[in-house]
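# Per-entry structural report
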Amino acid sequence: MKKRIGIVEDDHDLREALGMMIQFTDQYELAGSFENAEIALKELSHLDVDAVLMDINLPGENGIFCVNKLKTISPKIMVLMCTSYEDDAKIFQSLEAGASGYILKTEGPAKIIGALDELFEGGSPMSSSIARKVVASFSKMESQNKLTESLTSREKEILELLAKGQMNKEVAAVLEISVGTVRKHIQNIYEKLHVNTRVEAVNLFLKR
């Protein structure tokens, strides 16, 4: 039985080309194609769809919003982002929303079909440039986690209080230590995390 594919893409010519590409395969058939998130969400929940090719830059609500809502409505539908965006924020927002893969439109028809094949084989297809960004991001996160692991329990307590917006004097009162001691701990935190401000320290601590 052929897998049924939906398309959400606002560019008419590209939407038609993707639809024809799917129809020409032996393993897939087009379930429906939509120009925006609002129509897609309304229709896809009623269609028997196995996977969706999703653009990001759509009129109205964007593709990331659509992924989030679609996965809430129909968790079994897999989503493959098919877009021109390569920035880190869009990549991770898409994956966090529930997308199972991320491929660039510039890859061409054969790569997009290959990505669908990989998706149904249980993989998480990504363009090579996207995969490198993901790997680099996880490497950076691991490095940051090692830095925060070097903090003492007292330093972590202070950071948690700073994250709540408390000033040095308030931190000192809560922990029953002197303001000078708080300042010393904060200086040690800066040195361990390789930062220069409390905002940087708190942000790094919260990302761990």
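Check the entry above for the structure.
Counting of residues starts from 1 at the beginning of each chain's written sequence and follows it residue by residue. Per-residue local features of the predicted model are confined to residues with pLDDT of at least 70, and side-chain atom pairs are confined, for both listing and counting, to 80 or more; whole-chain, interface and lining totals are unaffected and use all residues. Here the side-chain values reflect all heavy atoms present in the structure, with hydrogen atoms and water set aside.

Here a strand is any run of E in DSSP of at least two residues, a helix any run of H or I of at least four, and the numbering for each starts at the N terminus. Within the chain, the regular secondary structure consists of ten helices and five strands. Values of the radius of gyration come from C-alpha atoms, whereas the globule rule sets the reference at 2.2 Å times the count of residues to the power 0.38. In summary, the chain has a C-alpha radius of gyration of 23 Å against a globular reference of 17 Å for 208 residues, an excess of more than 25%. Out of the 208 residues belonging to the chain, those deemed buried represent 40%. Two residues qualify as a contact provided that any one of their heavy atoms is within 4.5 Å of a heavy atom in the partner residue. Pairs at least 24 residues apart make up 62% of the contacts formed inside the chain by residues separated by at least 6 positions. For the accessible areas, the method is Shrake-Rupley and the probe is 1.4 Å, while residue cover comes only from the protein chains on display. By element, 51% of the accessible surface of the chain is carried by carbon and sulfur atoms, the whole surface being about 11300 Å². His residues and chain termini do not enter the charge count, which takes Lys and Arg as positive and Asp and Glu as negative. Lys charges are placed at NZ, Arg charges at CZ, Asp charges at CG and Glu charges at CD. Where the 25 positive side-chain charges of the chain centre and where its 31 negative ones centre are 9 Å apart. Relative accessibility thresholds used throughout: buried, under 20% of the residue-type maximum; exposed, over 50%; partly exposed, between the two (1.4 Å probe, protein chains only).

With that settled, the discussion passes to the sheet that holds strand S3 (residues 51–54). Reading across from one edge, S2-S1-S3-S4-S5 is the order of the five strands in this open sheet, with parallel pairing throughout. A strand with exactly one partner marks an edge of an open sheet, and here the two such strands are strand S2 (28–34) and strand S5 (101–104). On average, adjacent strands in this sheet sit at an angle of 25 degrees to one another, irrespective of strand direction. Here strand S1 (residues 3–8) pairs with S2 via six bridges, running parallel. Its bridge partner lying in S2, Ile7 is registered against Ser33. Seen against the sheet, helix H2 (residues 37–44) touches S1, S2 and S3 and runs at an angle of roughly 130 degrees to S2. Criterion used throughout: strands pair if DSSP finds at least two bridges between them. Lines fitted to the C-alpha atoms define the axes, with helices restricted to the stretch that makes contact. Angles between their N-to-C directions range from 0 to 180 degrees.

We now examine unusual backbone geometry. Positive phi is not limited to glycine here, since Glu176 has a value of about 60 degrees. Within the secondary structure layout, Glu176 lies in the loop between helix H8 (168–175) and helix H9 (179–193).

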